[in-house]
Amino acid sequence: MVDAVRPEIGEATVAVLEDQGVKVEFPAAQTCCGQPAYNAGYRSEARAVAAHFLNVFDATSGPVVTPSGSCAAMVHHGFADLFGDDPAQLRRARAVAARTRELSQFLVHDLKVTNLGASFNGRITYHPSCHQLRGLGEGTAPLALLAQVAGAEVVPLAGAEECCGFGGLFSVKLPQVSGEMVARKTANIDASGAGVCVTCDAGCLMNIAGRLQREHKAARCAHLAEVLAGSVPA
Amino acid sequence: MTLNTRIELALHNPHLQRALDANYTRSQEKRNISMGALPDSALVRNRARAIRLEALRNLDQYLVQLETQLTARGGVVHWAANAQDASAVVARIAKAACSRLVAKSKSMVSEEIHLNKRLQADGFKVVETDLGEYILQLRNDVPSHIVAPAIHLTRADVAETFEEQLGLPAGVTPAQLATDIPLLTSMARTALRTVFIEAGVGVSGVNFAVADTGALCLVSNEGNGRLVTSLPRVHIALMGIERVVPTMADLEVLLRVLSRSATGQNITCYTSVVCGPRRAQEPDGPAELHLVLVDNGRAAMLGGELAEALLCIRCGACLNVCPVYREIGGHAYGSVYPGPIGALVTPALGGMREFGELAQASSLCGACQEVCPVRIDIPTMLIKTRTLHLAATGGAPVWNAGLKIWSWAMRAPWMYQLGLRVAAWGAALRATAGPLRLPGPLAGWTDHREFPRIASTSFRARWAARQRGQATKASAAAKRTDRWEF
Amino acid sequence: MGVLAAQVAAREEMLARLRRSLQAGSTLPPFEAVTAPPEPPAADRQQMLYEFETQLNILQGRTVRTPRAKLTDCIDGLLRERGVHTLLAWDAAHLPAAQLLQDLQAREFSIVAAQVPSREPARTQHLQSLGTAEAGITGVDGVIAQLGGLVLCGGAGRPRHASLLAPLHIALFTPQQLWPTLAAWLAAQSNAALFADSSSVTVIAGPSRTSDIERVLTLGVHGPKELIAVCIED
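Just so it is clear, the model here is predicted, and its values are computed rather than measured.

1. A few points about the sheet that holds strand β4 (residues 135–138) of chain C
Piece 1. Strand order in the open sheet made by the six strands is β1-β12-β7-β4-β2-β3 (chain C), with parallel pairing throughout. The open sheet is flanked by β1 (62–67) and β3 (110–111) of chain C, the only strands paired with a single partner.

2. What about unusual backbone geometry?
Piece 1. With an omega of -5°, the peptide bond between C:E120 and C:P121 qualifies as cis.
Piece 2. For C:P121, the position within the fold is in the loop between β3 and α5 (122–130).
Piece 3. Unlike most non-glycine residues, A:K112 shows phi in positive territory, near 55°.
Piece 4. On the secondary structure map, A:K112 appears in the loop between α6 (103–110) and β3 (119–126).

3. Brief notes about the interface of chain C and chain B
Piece 1. Across the contact, 73 residues belong to chain C and 80 residues belong to chain B.
Piece 2. When residues of the side of chain C that touches chain B are traced back to their parent elements, those giving at least two are α1 (3–23), α5, α6 (182–187), α7 (191–196), β9 (200–204) and β10 (209–210) of chain C.
Piece 3. Residue contributions to the side of chain C that touches chain B peak at twelve residues, all from α1(C).
Piece 4. Partitioning the side of chain C that touches chain B into residue classes produces 33 nonpolar, 27 polar and 13 charged.

4. Overview of the interface of chain B and chain A
Piece 1. Across the boundary between the two partners, chain B contributes 51 residues, which contact 56 residues of chain A.
Piece 2. Top contributing element to the side of chain B that touches chain A by residue count: helix α20 (residues 378–393) of chain B, with six residues.
Piece 3. Partitioned by chemical class, the residues of the side of chain B that touches chain A number 26 nonpolar, 13 polar and twelve charged.

5. Topic: helix α3 (residues 71–81) of chain C
For the α-helix, the turn length of 3.6 residues means that residues three or four positions removed from each other point alike.
Residue and element names in this part refer to chain C.
Piece 1. Residues of α3 that are buried include every one of I75, L78 and L79, and no others. For α3, the angular spread of buried residues about the axis comes to 95°, placing them on one side. Projecting away from the buried face of α3 at angles above 90 degrees are the exposed residues D73, R80 and E81.
Piece 2. If you follow the buried residues of α3, they end up packed against α4 (100–106), β4, β7 (168–173) and β12 (226–233).
Piece 3. Phi turns positive one or two residues past the end of α3, at G83, with a value near 65°.

6. So, the environment of B:L306
All names here are of chain B.
Piece 1. Within the secondary structure layout, L306 lies in the loop between α14 (298–302) and α15 (317–321).
Piece 2. Separated by 72 residues in sequence, L306 and I378 have C-alpha atoms that sit 9.5 Å apart.
Piece 3. Beyond its immediate sequence surroundings of up to four residues, L306 is in contact with M301, L344, A348, M381, K384 and T385.

7. Comments concerning the pairing of strand β10 (residues 288–294) of chain B
Residue and element names in this part refer to chain B.
Piece 1. Across the seven residues of β10, six count as buried, placing the element largely inside the fold.
Piece 2. By the bridge criterion, five bridges tie strand β1 (residues 76–80) to β10 in an arrangement that is parallel. Considered in β10, the bridge of V76 is made with H290.
Piece 3. Bridging between strand β7 (residues 234–240) and β10 involves seven bridges; their strand directions are parallel. By the bridge assignment, H235 is partnered in β10 with L289.

8. Things to note about the domain arrangement of chain B
Piece 1. Its domain assignment divides chain B into domain 1 (1–37 + 309–395), domain 2 (44–296) and domain 3 (401–481).
Piece 2. When each unit is reduced to the centre of its C-alpha atoms, the spacing between domain 2 of chain B and domain 3 of chain B is 58 Å.

9. Here we look at the domain arrangement of chain A
Accessible area lost on assembly of the parts is the figure often given for the size of an interface.
All names here are of chain A.
Piece 1. Splitting chain A by domain gives domain 1 (7–108) and domain 2 (114–229).
Piece 2. Between domain 1 and domain 2, the C-alpha centre-to-centre distance is 22 Å.
Piece 3. With 25 residues of domain 1 at the contact, the number on the domain 2 side is 24 residues.
Piece 4. Going through the elements one at a time, α1 (7–19), α2 (35–39), α4 (69–82) and α6 are the ones with two or more residues in the side of domain 1 that touches domain 2.

10. Some remarks on the packing of helix α10 (residues 175–192) of chain A against helix α11 (residues 202–214) of chain A
All names here are of chain A.
Piece 1. Running from amino to carboxyl end, α10 crosses α11 at an angle of 75°, the nearest separation of the two axes being 9 Å. Classified by the interaxial angle, the pair formed by α10 and α11 is roughly perpendicular. Touching V182, A183, K185 and T186 of α10 are N207, I208, R211 and L212, all from α11.
Piece 2. Residue composition of the contact of α10 with α11, by class: four nonpolar, two polar and two charged.

11. With respect to the sheet that holds strand β5 (residues 196–199) of chain A
Residue and element names in this part refer to chain A.
Piece 1. Strand order across the open sheet formed by four strands is β4-β3-β5-β6, with parallel pairing between neighbours. The open sheet has two edge strands, β4 (150–155) and β6 (220–223), and neither has a second partner. Averaged over all neighbouring strand pairs, the angle between strand axes comes to 40°, with direction disregarded.
Piece 2. Where β3 and β5 come together, three bridges link them in parallel fashion. Residue Y126 lies in a different strand from β5, and its bridge partner there is V198.

Calculation rules
- Residues numbered from 1 in each chain as written.
- Chains lettered and ligands numbered in written order.
- Predicted model: local features only at pLDDT ≥ 70, side-chain atom pairs only at ≥ 80, totals over all residues.
- Pairing = 2+ DSSP bridges.
- Helix = DSSP H or I, 4+ residues; strand = E, 2+ residues; numbered from the N terminus.
- Contact = placed C-beta atoms within 7 Å.
- Nonpolar A, V, L, I, M, F, W, Y, C, P; charged D, E, K, R; others polar.
- Buried ≥ 20, exposed ≤ 12 C-beta atoms within 10 Å, placed from the backbone.
- Arc of directions from axis to C-beta.
- Domains from an automatic or database assignment.
- Axes fitted to C-alpha atoms, helices over the stretch in contact; angles between N-to-C directions.
- Parallel < 35°, antiparallel > 145°, perpendicular 65-115°, else oblique.

Pasting the structure below:
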């Protein structure tokens with residue numbers, strides 16, 4: 001999704017990492033972690049795509065960093081389920097998962113930095129993606145990073161932990177329900193007074209941003225990496 | 001009626017929407033305070049889960065022990081393999097009790113086996129005594145929530161029904177009745193008190209059966225559970241076979257989390273633990289106690305992929321936090337068991353082909369698992385249910401084909417990149433054609449929100465360019481063409 | 001097939017099905033070792049009494065403390081306030097104040113006989129006469145501080161109806177009957193003793209309540225509308 005729709009998120013991620021002195025490699029053969037198929041119950045399709053993911057990242061060494069909380073959660077939990085009956089694959093999956101981090105996790109827990117020298121003028125509010133919050137158990141790292149952004153006023157979001165209604169194919173299979181859920185989210189964003197809603201997941205971002213656009217609301221949705229890299233679209 | 005139709009009805013019912021909203025906020029507040037006040041609640045939940053797992057792992061032995069103990073105390077244990085058998089057993093016992101009137105307290109299993117229908121066909125008058133269920137029965141309606149069954153009704157609805165069925169109290173106008181909840185409640189109290197006294201048979205559910213004593217535990221706030229199990233001469237307790245705990249000490253652990261999770265109360269007003277009929281020297285209590293053990297698909301479920309869902313203690317916490325249940329309510333699920341747990345249990349017991357679709361009613365957000373007192377991994381099991389449903393129905397051709405193609409493309413980087421370029425090119429072509437509407441099964445997206453434009457240069461293209469030292473040019477060009485600001 | 005034979009067959013079939021499911025390597029999660037939650041620290045009687053009162057109030061129950069010498073006056077007052085004439089009661093032998101019922105009868109209160117006949121029409125008639133009582137007086141078998149709960153066991157001279165049928169339930173207890181938790185009370189009982197002479201153990205934590213109509217709290221829907229726990233202080 002980042003690749004096709006918001007490449008700027010990828011660029012911002014690279015910029016943030018390189019700024020911290022990290023050498024970044026982008027294995028060109030990578031495609032997807034298989035989450036859409038897995039969540040939809042298409043197990044063999046998911047397994048095939050996940051196997052490709054393992055092939056690509058098995059051949060790398062060092063941390064695997066993704067700007068997507070749900071992808072990281074998929075690698076950590078979904079892979080264990082998909083390869084549960086294949087000991088060899090399971091071993092590889094566990095090994096890759098052990099090195100996989102979502103971006104804010106990597107910055108705060110591995111590099112141990114929260115102040116990246118970023119700045120942003122305006123009010124920001126944060127929407128935690130469900131898979132990041134509950135799947136990865138990561139609720140604090142993004143807020144710790146945002147707190148150090150000079151000039152940014154981070155305001156609370158009512159119902160922050162409520163799902164935005166993306167849920168992968170759920171958004172098109174039960175669109176009326178998804179629509180109600182994202183409408184609640186944008187109403188809360190409105191009420192927070194923030195000009196930008198920040199999230200760590202491209203799926204949530206597309207969903208929330210798409211609704212903000214449809215409602216002609218002034219607020220925008222940006223990725224954490226863009227705030228940290230100072231590249232939030234104007 | 002299809003799932004989608006039921007959902008539409010729910011979304012366009014303003015009173016239901018208000019009730020669901022209020023329930024969502026209040027029930028979570030209360031549950032959080034109550035569970036927060038429980039010392040070492042995380043450890044208690046782990047222990048609750050362990051107790052339930054132990055019970056299920058040796059369920060055959062615990063059921064036999066339960067039967068032995070309860071029989072030794074004068075109870076009679078019946079084994080019913082399916083819904084029809086279970087109803088037949090109850091009908092037979094009720095017939096032998098020579099009473100036409102049956103008083104019932106809350107039992108989801110009784111709804112699952114369509115007991116009332118069978119008893120009414122056999123000439124019995126069955127009266128639901130749980131206030132919410134009583135109201136629904138008078139209206140020929142069904143429950144929409146495990147713990148608050150009449151949540152979708154207004155006081156005016158109730159007043160209308162009571163006026164019709166019970167008559168207006170002396171000196172009260174319909175308008176007055178429509179707003180007086182205490183009066184409505186006291187009308188129900190009076191009407192039902194007669195039922196409790198005159199009924200020769202009381203039918204109840206069972207929250208937990210304790211194997212080491214043969215005791216049956218029922219929790220209630222209204223007191224109808226106590227009345228139904230104490231006044232009528234014959235007490236019939238209906239129980240799904242999975243509702244066993246090994247010991248009395250285990251029971252106490254589960255009681256620690258049940259009502260806190262369900263209503264935010266540290267304990268329900270009444271916790272009745274009954275063990276057999278009244279003893280010779282006791283002044284009151286039922287002369288007969290029958291326990292009907294209902295399988296109806298549970299034993300098979302235990303051997304299947306959704307076995308973990310049998311841990312459920314029916315607290316309803318998952319319904320209360322589910323963002324989807326919040327929008328659609330219980331009736332939309334079209335099942336005795338709604339909400340996240342219902343989406344697992346209903347297809348597992350009632351048929352994957354017919355009910356597996358319920359697992360679609362979830363964004364897999366995980367809020368349910370977070371509050372489940374026995375930590376059932378509901379999201380993972382919902383995914384499993386989706387896979388099982390696909391296997392049972394073959395799936396929808398358009399999704400099958402779509403995901404197949406998608407998975408091929410995702411395994412062959414060249415195909416994936418080609419697809420990206422085609423999409424970007426297509427997006428550029430129709431750039432002037434106005435707002436984007438996604439086709440076919442994806443239309444639901446654009447029905448409710450905008451879809452972003454495919455970037456003219458993908459991230460990997462920019463990366464590759466940067467590697468080739470052409471970073472500045474590519475990025476700058478991309479910034480100029482991407483007009484959709486997301 | 002006769003009813004009995006059918007029953008035996010059903011039992012065998014169900015048990016066989018269960019065993020098959022369990023042997024086939026059920027997907028139940030594997031054994032998880034759990035740490036038992038620690039026992040709460042010991043509390044003194046005054047603390048427990050205070051906690052009991054606080055918890056009981058939450059579900060709209062009330063506590064009244066009275067010195068033993070003033071007990072009859074206290075109960076008399078509570079009853080007259082509510083226009084009570086007829087009582088249900090446990091046998092005097094099971095109350096912590098053996099003289100109380102006699103004293104109340106001397107003051108013109110009448111007590112309905114507890115014994116409910118098994119056969120009709122005597123049974124229904126007796127239940128109807130029990131229904132005329134305006135209050136029920138019982139003792140308790142334990143007072144649970146953490147829950148604001150009263151434990152009432154059944155047995156000879158201890159009708160369930162005394163705590164169930166009348167609009168007012170008065171439960172008499174002494175501070176010696178206080179326990180910190182239900183677990184503590186249970187641990188002190190033996191399974192055999194619990195149910196040898198009694199077919200029921202009930203924990204009562206407040207008057208009858210419901211919010212089934214529009215989530216509005218109403219008391220006294222089927223059980224008592226009022227619960228008063230009277231602490232007899234020696």
